[in-house]
Amino acid sequence: MKTFTNLALCAAAAAGSFAILPSATSAQSTMAYPEKCKSEGMDMSKMGMSSGGMQMGEMTDYQKASMDGMKDMNMNMMQGMMKKDADVSFVCGMIAHHMGAISMSEVELKYGDNEEAKQMAQKIIAAQKKEIEEMSKWVDKEVK
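All figures in this text were calculated on a predicted structure; none of them were measured in a lab.

## A short note on helix H4 (residues 86–111)
- Spanning 26 residues, H4 covers 37 Å between terminal C-alpha atoms, matching the ideal 38 Å at 1.5 Å per step.
- By the N-cap criterion, in which a side-chain oxygen at the helix start approaches the backbone nitrogen of a residue two or three places on, H4 is capped by aspartate 85, the distance to aspartate 87 being 2.8 Å.

## A look at the nonpolar core
- Formed by 15 residues in total, the largest nonpolar core has its most connected members in Tyr33, Cys37, Cys92, Ile95, Met99, Ile132 and Val139.
- Looking at this core, the elements with two or more residues in it are H4 and helix H5 (115–142).
- In terms of residue count, the dominant contributor to this core is H4 (7 residues).
- When near neighbours in sequence (up to four residues on either side) are disregarded, tyrosine 33 contacts Lys38, Asn76, Gln79, Gly80, Cys92, Gly93, Ile95, Ala96 and Met99.

## What about the environment of aspartate 68?
- Among the secondary structure elements, aspartate 68 is positioned in helix H3 (residues 61–81).
- Overall, the relative accessible area of 2% leaves aspartate 68 in the buried class.
- As for aspartate 68 and methionine 104, which are separated by 36 residues in sequence, their C-alpha atoms are 9.6 Å apart.

## Topic: the pattern of salt bridges
- Within the structure shown, the criterion is met by 3 salt bridges.
- Lysine 38 is the salt-bridge partner of glutamate 35, the closest N and O atoms lying 2.9 Å from each other.
- Under the relative-accessibility criterion, glutamate 35 is labelled exposed at 60%.
- By relative accessible area, lysine 38 is classed as partly exposed at 32%.
- Ionic pairing is found between aspartate 72 and lysine 71, a salt bridge with its closest N-O pair at 2.9 Å.
- For aspartate 72, a relative accessible area of 10% puts it in the buried group.

## Here's the deal with H5
- With 28 residues, H5 should reach 40 Å at 1.5 Å per residue; the first-to-last C-alpha distance of 40 Å fits that figure.
- Among the residues of H5, Lys118, Ala121, Ile125, Gln128, Ile132, Met135, Ser136 and Val139 are the ones counted as buried.
- Those residues of H5 that are buried lie in contact with H4.
- With a side-chain oxygen lying 2.9 Å from the backbone nitrogen of glutamate 116, the N-terminal cap of H5 falls on asparagine 114.

## Notes on the environment of isoleucine 132
- Within the secondary structure, isoleucine 132 is located in helix H5.
- Under the relative-accessibility criterion, isoleucine 132 is labelled buried at 2%.
- For the pair isoleucine 132 and alanine 96, spaced 36 residues apart in the sequence, the C-alpha separation amounts to 8.7 Å.
- With residues near it in sequence (within four places) discarded, isoleucine 132 still touches Met31, Ile95, His98, Met99 and Ile102.

## A short note on the packing of aromatic side chains
- Applying the stated criterion across every chain yields a total of 1 aromatic pair.
- On the numbers, 6.3 Å between centres and 75° between planes, the contact of tyrosine 62 with tyrosine 111 is edge-to-face. With a gap of 49 residues between them, tyrosine 62 in helix H3 and tyrosine 111 in helix H4 connect regions that are remote in the sequence.

## Description of the packing of H3 against H4
- Following both chains from N to C, one finds H3 and H4 inclined at 170°, their axes separated by 8 Å at the closest point. Here H3 is positioned roughly antiparallel relative to H4, judged by the angle of their axes. Within the contact between the two elements, H3 uses Asp61, Tyr62, Ala65, Ser66, Gly69, Met70, Met73, Asn76, Met77, Gly80 and Met81 and H4 uses Ser89, Cys92, Gly93, Ala96, His97, Gly100, Ser103, Met104, Val107 and Tyr111.
- Residues of the contact of H3 with H4, tallied by class, amount to 11 nonpolar, 9 polar and 1 charged.

What counts, and at which threshold
Residues numbered from 1 in each chain as written. Predicted model: local features only at pLDDT ≥ 70, side-chain atom pairs only at ≥ 80, totals over all residues. Heavy atoms only, no water. Helix = DSSP H or I, 4+ residues; strand = E, 2+ residues; numbered from the N terminus. Expected span 1.5 Å × (residues − 1). Polar contact = N/O pair within 3.5 Å; in protein donor to acceptor, adjacent residues only side chain to side chain. Core = buried A, V, L, I, M, F, W, Y, C linked by side-chain atoms within 4.5 Å. Buried < 20%, exposed > 50% of the residue type's maximum accessible area, 1.4 Å probe, protein only. Contact = heavy atoms within 4.5 Å. Salt bridge = Lys/Arg side-chain N within 4 Å of Asp/Glu carboxyl O. Phe/Tyr/Trp six-rings, centres within 6.5 Å; stacked < 30°, edge-to-face > 60°. Axes fitted to C-alpha atoms, helices over the stretch in contact; angles between N-to-C directions. Parallel < 35°, antiparallel > 145°, perpendicular 65-115°, else oblique. Nonpolar A, V, L, I, M, F, W, Y, C, P; charged D, E, K, R; others polar.

Next up, the structure:
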């Protein structure tokens, strides 16, 4: 239990460097985080998150969009990590991680101007969506 608590505290500390921002169009809106990956009784809204000292007004639109995606990813990853089964925790955490990669890629497509970087973002979106679908099917089949 002590290791579990330490893991949760470390995850909360890592998430603490990201701001809570209003939701924008992201991987969260196009692909839903599986209900079976969510941990009951965890109120993620009480997790302390900050912008790491940067004031919201100082951030560019790109930075705000990136932070929003990271907030969503961290919330879901922490939900997945609270699962008691190691396999379920791993798969649920990876689903959230992949959703974060899609969100970052979407921000690149919206704000980036380098064609090579945009092509990488497109490839990431396609690959991560396919893997999320595979992992979500596993969750549906394996998680009671």
